[in-house]
Amino acid sequence: MPVSADDVAQSVRLATDTLATATTGWDKPAGDLTWTCWETTEHIADDLLFYATQLTRSATDGWTPFRMAARREGGPEVAMFADDEAGPAGLLDMVDACGGLLTAAVRTAAPEARGHHVFGTADAEGFAAMGVVEVLVHTADVADGLGLPWHPPAHLCARVLTRLFPEVGPAGDPWQSLLWATGRATLPDRPQRTEWTWHSAPLERG
């Protein structure tokens, strides 16, 4: 099945429900990243916002021209920051809101709608899949830093693997395959990836 708006909504709901159980530790590194758990979660929201606006704007070249900035040197550059005083609940509210924007953009996009991405001009399904991957793998990073369990549903992982990583496919455990595809894990027959891209251009389905 194609990756859908419902898949975006489900991934965001599962991620925010999981991360909401942590009230402390947000200043710790997110997994193997140099970003903190807080910064990485802001990055998730930022990706969702960016993908939504890439799909809804009229222009199909380049990125939506937001002003980007980082909280600190070495942190992720984003178009918006969560209010520190709102705490983790406010941060996750921002993820939920931006997830809603991408969900709506995908759900209402015309079949011919296209938007820029460095890995190839994408359609609505492509942006949905990219949003789901960003949510799933970066929630894994944050959950690791916060000491939380995180194992997303196999069907979500399998769909985005089929859409964005057709050379990998969802063989075996789709979640482990997705972690491998994004350079976060090793598989018995495959060394860990140090470089990777995805297929964001529209996928021809038979």
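Here, every reference points to the structure presented above.
Parameters and conventions
Residues numbered from 1 in each chain as written. Predicted model: local features only at pLDDT ≥ 70, side-chain atom pairs only at ≥ 80, totals over all residues. Heavy atoms only, no water. Phe/Tyr/Trp six-rings, centres within 6.5 Å; stacked < 30°, edge-to-face > 60°. Helix = DSSP H or I, 4+ residues; strand = E, 2+ residues; numbered from the N terminus. Buried < 20%, exposed > 50% of the residue type's maximum accessible area, 1.4 Å probe, protein only. Expected span 1.5 Å × (residues − 1). Salt bridge = Lys/Arg side-chain N within 4 Å of Asp/Glu carboxyl O. Contact = heavy atoms within 4.5 Å. Core = buried A, V, L, I, M, F, W, Y, C linked by side-chain atoms within 4.5 Å. Axes fitted to C-alpha atoms, helices over the stretch in contact; angles between N-to-C directions. Parallel < 35°, antiparallel > 145°, perpendicular 65-115°, else oblique. Left-handed = near helix turned anticlockwise from the far one by under 90°. Disulfide = S-S within 2.5 Å.

## Regarding the packing of aromatic side chains
Enumeration over the complete set of coordinates arrives at 8 aromatic pairs. For the ring pair Tyr 51 and Phe 127, a centre distance of 5.8 Å and an interplane angle of 45 degrees mean the geometry is tilted. Here Phe 127 lies in helix 4 (residues 124-146) and Tyr 51 lies in helix 2 (residues 37-56), a separation of 76 residues in the sequence. Looking at Phe 127, the relative accessible area reads 0%, which means it is buried.

## Examining helix 4
Between its first and last C-alpha atoms helix 4 spans 32 Å; for 23 residues at 1.5 Å apiece the expected length is 33 Å, and the two agree. The buried fraction of helix 4 is high, at 22 of 23 residues.

## A word on the pattern of salt bridges
Under the counting rule described, the total for this entry stands at 9 salt bridges. Here Arg 71 and Asp 84 are joined by a salt bridge, their closest N and O atoms 2.8 Å apart. Of this pair, Arg 71 sits in the loop between helix 2 and helix 3 (87-108) while Asp 84 is found in the loop between helix 2 and helix 3, placing the two residues 13 residues apart along the sequence. Under the relative-accessibility criterion, Arg 71 is labelled partly exposed at 34%. Here Arg 184 makes a salt bridge to Asp 141, at a shortest N to O gap of 3.0 Å. Placement of the pair is Arg 184 in the segment after helix 6 (174-181) and Asp 141 in helix 4, with a sequence separation of 43 residues. Residue Arg 184 is classed as partly exposed on the basis of its relative accessible area, which comes to 25%. Residue classification places Asp 141 among the buried residues on the basis of a relative accessible area of 8%. Because the salt bridges share partners, they merge into one network encompassing Glu 42, Arg 71 and Asp 84.

## Section: helix 5 (residues 154-164)
Of all 11 residues that make up helix 5, 8 are buried, and the element is covered over most of its length. Every buried residue of helix 5 is listed here: Leu 156, Cys 157, Ala 158, Arg 159, Val 160, Leu 161, Arg 163 and Leu 164. Looking at the packing, one finds that the buried side of helix 5 touches helix 1 (5-19), helix 4 and helix 6.

## Re the nonpolar core
With 61 residues, the main nonpolar core has Trp 26, Trp 175 and Leu 178 as its most contacted residues. Secondary-structure elements contributing two or more residues to this core are helix 1, helix 2, helix 3, helix 4, helix 5 and helix 6. Sequence-distant contacts of Trp 26, that is, excluding residues within four places in its chain, are made with Leu 19, Thr 36, Cys 37, Trp 38, Thr 41, Pro 88, Leu 91, Leu 92, Val 142 and Leu 146.

## Side note on the packing of helix 2 against helix 3
Where helix 2 meets helix 3, the closest approach of the two axes is 8 Å, and the angle between their N-to-C directions is 20 degrees. Regarding the angle of helix 2 to helix 3, the classification is roughly parallel. Every pair of crossing elements has a handedness; the one defined by helix 2 and helix 3 is left-handed. For the pair helix 2 and helix 3, the contacting residues are Trp 38, Thr 41, Glu 42, Ile 44, Ala 45, Leu 48, Leu 49, Tyr 51, Ala 52, Leu 55 and Thr 56 in the first and Gly 87, Pro 88, Leu 91, Leu 92, Met 94, Val 95, Cys 98, Gly 99, Leu 101, Leu 102, Ala 105 and Val 106 in the second.

## Considering the state of the cysteines
According to the stated counting rule, one finds 0 disulfides in the structure shown. With no disulfide of its own, Cys 37 lies 19 Å from the sulfur of Cys 98, the closest cysteine sulfur.

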